[in-house]
Every structure is written in C-alpha cells, then in structure tokens.
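Chain by chain, the residues run as shown.
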Amino acid sequence: MEDRRFSDVLEKAAEQAIDRDEALLLFRESEEFSAAQELFKTASLVRNKLLGTTFRWTGGIASVLTCNLQPLCLYCPYWTQPKEPLSMEEILRAARYLKEHGVRDYHLSAGTTLGSDGREMVEIVETIRREADADSTITVNCGAALSMESIIELKNLGVTRIGASFETINRKLFDEVKPGDSFEEKEKLCRMVCEAGLELGSGLLAGVGCTDCKDDCAIVNGGKVTKSRYEDYVDFMFFIRQYPNLKSVYVSRFFPFTGIPMTEHPRCSAMEGARIIAVMRLVLRDIRIGPAAGWSYDDIPLWVAAGGGNEIGGIHITREPPYKGSWYMHQALDYRDHLEYRNTVSTATRFLKEMGIEVRY
C-alpha cells in the first residue's frame with residue numbers, strides 16, 4: 001500500500017508542489033536505494049523543466065568579518081581557533097581573482113555580530129565596487145547583523161541577495177546547537193530583506209539532530225529534541241517558503257570537525273543530503289538548491305541527480321588554513337600571500353558534462 005502511495009506522490013510531484021504529509025512520506029519511503037532513485041528521477045525532471053540544464057558558476061570569499069556569537073555554534077569549525085577575518089586588501093585581491101577568472105557572481109560570507117547595524121559589510125561592498133569590481137553580482141551573508149538602512153545601502157550598491165541561514169527551525173534544536181544566535185533576529189532579517197525587495201537566501205544543516213532514527217527523539221549534547229529528523233527537514237521547507245522573495249537554499253551536511261563541541265556526533269551521509277535536496281525540489285520547485293559545507297566536488301553527480309541546481313560554486317577563497325593541501329584536491333588548491341584559492345572549475349565542468357549539464361559564467 002505504501003509503495004503505491006509513494007508512486008502516487010511522485011506522479012503528483014512531477015506536476016505540482018507536494019504537501020507536508022507527502023514530503024514526510026517521501027523521506028520515510030526513500031530509505032531503500034531503489035526508491036531513492038525514483039525520488040531523484042522525479043526531482044531532476046522538475047529541475048530540468050523549471051530551471052533547465054544550464055548552470056552558472058558562482059564564487060565565494062570568506063570570512064570577511066569576525067564571528068562574535070557567544071558561545072559559538074556547536075557545529076562550526078571556523079572560529080574554534082584564534083583566527084583573523086580577511087583584511088580589506090585580501091578581500092580586494094580575492095574579488096579581482098574571481099573577476100579575472102570569469103566568475104561574475106559571488107558571495108561574501110562573514111561571521112555574525114548580533115546587534116550590529118551592518119555598517120562594516122556596507123563599507124566592504126563599497127570598497128569592492130570602488131577599487132576592484134564595479135559590476136559583478138554580489139550576495140552577502142553575515143547572519144542577523146544588518147539594519148534596514150544597511151540593507152537598502154547594500155541594495156543601492158548592487159547587492160542582489162542577502163542570506164539568513166537558520167540551519168534548523170526546530171527551536172529546541174536551534175537553541176541546543178546555536179546557543180549564541182537568535183532565531184527571532186533571523187526572522188526579522190528575512191522580513192526586512194523581503195520588504196527591501198531583495199532576494200533572500202537561506203540554509204539547512206542536515207544531520208545535526210539524530211541521524212539513526214525516523215520517529216524517536218533526537219539527542220544533541222545531552223538534551224532531548226522531541227521531533228524526528230525528517231519532521232525537522234520538512235518543517236524547515238514549509239517554514240522558509242513563507243518568504244515571498246526566497247530564491248535559494250543551501251543544504252550543508254554535518255561533519256564532526258576536530259575541535260568542535262559536537263565532534264562525537266555522527267557524520268551526515270551524502271545520500272541523506274541528496275534526499276533532502278530532492279524532497280526540497282518537490283516542495284520549493286523553482287528556487288536554486290545546492291550543496292554547501294560538508295560536500296566535495298566528488299559529490300557533484302549525486303546532488304545534481306537529486307535535482308539540485310542551477311548554480312555551482314567553482315572558486316572559493318579564504319584564509320590559508322594551518323595545514324596546506326588535500327590529497328584529493330591538490331590540483332585545485334593554490335596558496336598565495338596567506339590565502340587559499342580553491343578552483344574546481346575544470347574538474348566540476350567535466351563532472352557536470354557527464355550529467356548532461358552545461359555551465360556558463
């Protein structure tokens with residue numbers, strides 16, 4: 001009976017958005033690989049029909065501002081050791097590199113300072129426009145650290161999208177893993193971005209709750225979270241779609257980085273991340289859905305097959321890490337003047353071509 005219902009929901013999903021109960025059913029019934037394949041097939045068909053099979057390159061520069069959340073998010077490795085944000089000169093160098101390599105659409109990632117009016121981010125974008133890049137498409141994400149005045153200034157500087165990444169909308173789980181952040185301030189930021197007429201981006205962190213149950217409570221850092229992880233994922237999708245200017249959502253996969261408080265928490269599988277992307281495609285339909293932290297370029301075929309798209313990060317520039325190099329990514333990495341340039345364009349192009357996807361700048 002459930003198999004028939006699963007097929008019926010996929011048949012409906014090929015033509016129209018599914019509801020909450022149907023999304024939950026797809027999660028529960030797609031744990032078997034054969035069912036996941038059918039889910040992916042439907043999601044990719046919807047992606048192709050609504051967005052096409054041409055992706056565009058994007059880039060990223062991180063981190064342009066310090067994170068001052070106290071305490072830090074339990075899953076975040078970036079500020080676990082004393083670390084300086086990029087200087088203005090380094091940001092300009094990164095912006096010029098992206099422009100020289102043809103990437104004309106990139107994001108500025110920053111840490112969050114609750115209560116900030118966002119003036120520092122405005123000054124960064126002003127300087128980029130004046131000294132390095134007058135016309136590329138820029139998006140920014142500094143969490144709930146912007147005033148309406150700063151949002152309008154960013155819009156006037158050509159910023160097209162602002163990120164407000166909840167990671168989870170399960171309030172108990174949010175408070176457990178993001179104890180220094182503010183859910184209410186993120187909601188406020190989303191409303192202001194939409195009121196200003198800018199695109200809104202958000203993000204979900206997969207696997208941060210329980211990763212080996214469907215309906216039992218999740219346990220994080222000793223606390224009970226009384227919802228299944230599938231309910232959390234679906235609740236996120238139906239919560240975030242309330243915002244009329246929503247244009248993109250990323251899906252990150254939890255990774256137990258050394259040094260974070262959640263280092264004993266299980267890794268989120270690539271298959272689970274792909275299933276989230278697929279169900280999200282059938283709920284949110286025509287927005288940009290893609291991977292973020294916790295994925296590698298080896299995962300490109302999986303998330304593309306699951307209906308992700310239509311953007312892909314080709315170049316990412318950040319502070320040089322304490323270690324240098326990665327055995328599986330060494331050809332993509334370049335280190336200059338304390339910066340790491342990660343350029344996966346050539347490899348990603350080949351992988352995408354194998355999936356029938358073209359990429360443009």
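Residues numbered from 1 in each chain as written. Predicted model: local features only at pLDDT ≥ 70, side-chain atom pairs only at ≥ 80, totals over all residues. Heavy atoms only, no water.

A. Summary view of the overall build of the chain. Broken down by element type, the chain carries 12 helices and 13 strands. Over its C-alpha trace the chain gives a radius of gyration of 20 Å, about what one expects of a compact globule, namely 21 Å for 361 residues. Based on the C-alpha atoms only, the size of the chain along its principal axes is roughly 65 × 45 × 45 Å. Sequence separation of at least 24 residues holds for 75% of the intrachain contacts in the chain that already meet a minimum separation of 6. Here the chain displays about 15,800 Å² of accessible surface, and carbon together with sulfur accounts for 48% of that area. Placing the 44 positive and 53 negative side-chain charges of the chain at their respective mean positions leaves the two points 3 Å apart. (Helix = DSSP H or I, 4+ residues; strand = E, 2+ residues; numbered from the N terminus. Rg over C-alpha atoms; globule rule 2.2 N^0.38 Å. Contact = heavy atoms within 4.5 Å. Areas by Shrake-Rupley, 256 points an atom, 1.4 Å probe, with all protein chains shown as cover. Lys, Arg positive; Asp, Glu negative; His and termini not counted. Charge placed at Lys NZ, Arg CZ, Asp CG, Glu CD.)

B. Just helix α9 (residues 229–240), in detail. Along its 12 residues, α9 runs 17 Å from first to last C-alpha, staying within 8% of the 16 Å computed at 1.5 Å per residue. Within α9, 11 of the 12 residues are buried, which leaves it mostly tucked inside the rest of the structure. Among all positions of α9, only Arg 229, Tyr 230, Asp 232, Tyr 233, Val 234, Asp 235, Phe 236, Met 237, Phe 238, Phe 239 and Ile 240 are buried. In the core, the buried residues of α9 are packed alongside α2 (20–29), α7 (171–177), α8 (183–195), β5 (199–206), β8 (246–253) and α10 (270–284). (Expected span 1.5 Å × (residues − 1). Buried < 20%, exposed > 50% of the residue type's maximum accessible area, 1.4 Å probe, protein only.)

C. Structural detail: the pairing of β8. Judged by how many residues are buried, β8 sits mostly within the fold: six of eight residues are covered. Bridge analysis of β5 against β8 gives seven bridges, and the strand direction is parallel. By the bridge assignment for β8, Leu 204 is matched with Val 251. Once the chain exits β8 it traverses α10 before rejoining the sheet at strand β9 (residues 288–291), and the crossover so formed is right-handed. (Pairing = 2+ DSSP bridges. Right-handed = clockwise from strand over helix to strand, strands pointing away.)

D. Region of the structure containing the packing of helix α3 (residues 33–51) against α10. Running from N to C, α3 and α10 cross one another at 45°; their axes reach a closest spacing of 9 Å. Considering the angle they form, α3 stands oblique to α10. For the pair α3 and α10, the sense of crossing is left-handed. Where α3 abuts α10, its residues Phe 33, Ala 36, Leu 39, Phe 40, Thr 42, Ala 43, Val 46, Arg 47 and Leu 51 lie against Met 271, Ala 274, Arg 275, Ala 278, Val 279, Arg 281 and Leu 282. Of the residues assigned to the contact of α3 with α10, the class counts are 12 nonpolar, one polar and three charged. (Axes fitted to C-alpha atoms, helices over the stretch in contact; angles between N-to-C directions. Parallel < 35°, antiparallel > 145°, perpendicular 65-115°, else oblique. Left-handed = near helix turned anticlockwise from the far one by under 90°. Nonpolar A, V, L, I, M, F, W, Y, C, P; charged D, E, K, R; others polar.)

E. How the structure looks around unusual backbone geometry. The omega torsion across Ala 62 and Ser 63 is -10°, close enough to zero to call that bond cis. Relative to the elements of secondary structure, Ser 63 occurs in the loop between β1 (54–62) and α4 (88–100). The step from Gly 309 to Asn 310 runs through a cis peptide bond, and the omega angle for that step is 10°. Position of Asn 310 among the secondary structure elements: in the loop between α11 (300–305) and β10 (311–319).

F. Seen up close, the packing of α2 against α9. Close contact between α2 and α9 brings their axes to 10 Å; oriented N to C, the two are set at 140°. Considering the angle they form, α2 stands oblique to α9. Here α2 runs over α9; the crossing is right-handed. Counting all contacts with α2, which are made through Arg 20, Ala 23, Leu 24, Phe 27 and Arg 28, the residues of α9 involved are Tyr 230, Glu 231, Tyr 233, Val 234, Asp 235, Met 237 and Phe 238. Here the residues of the contact of α2 with α9 are counted per class, giving eight nonpolar, no polar and four charged.

G. Fine view of the pairing of β1. Across the nine residues of β1, seven count as buried, placing the element largely inside the fold. Both β1 and strand β13 (residues 358–360) contribute to a ladder of three bridges, which runs parallel. If you follow Phe 55 over to β13, its bridge partner there is Val 359. Relative to β10, β1 is paired through six bridges, and the arrangement is parallel. Paired with Thr 58 across the two strands is Gly 313, which belongs to β10.

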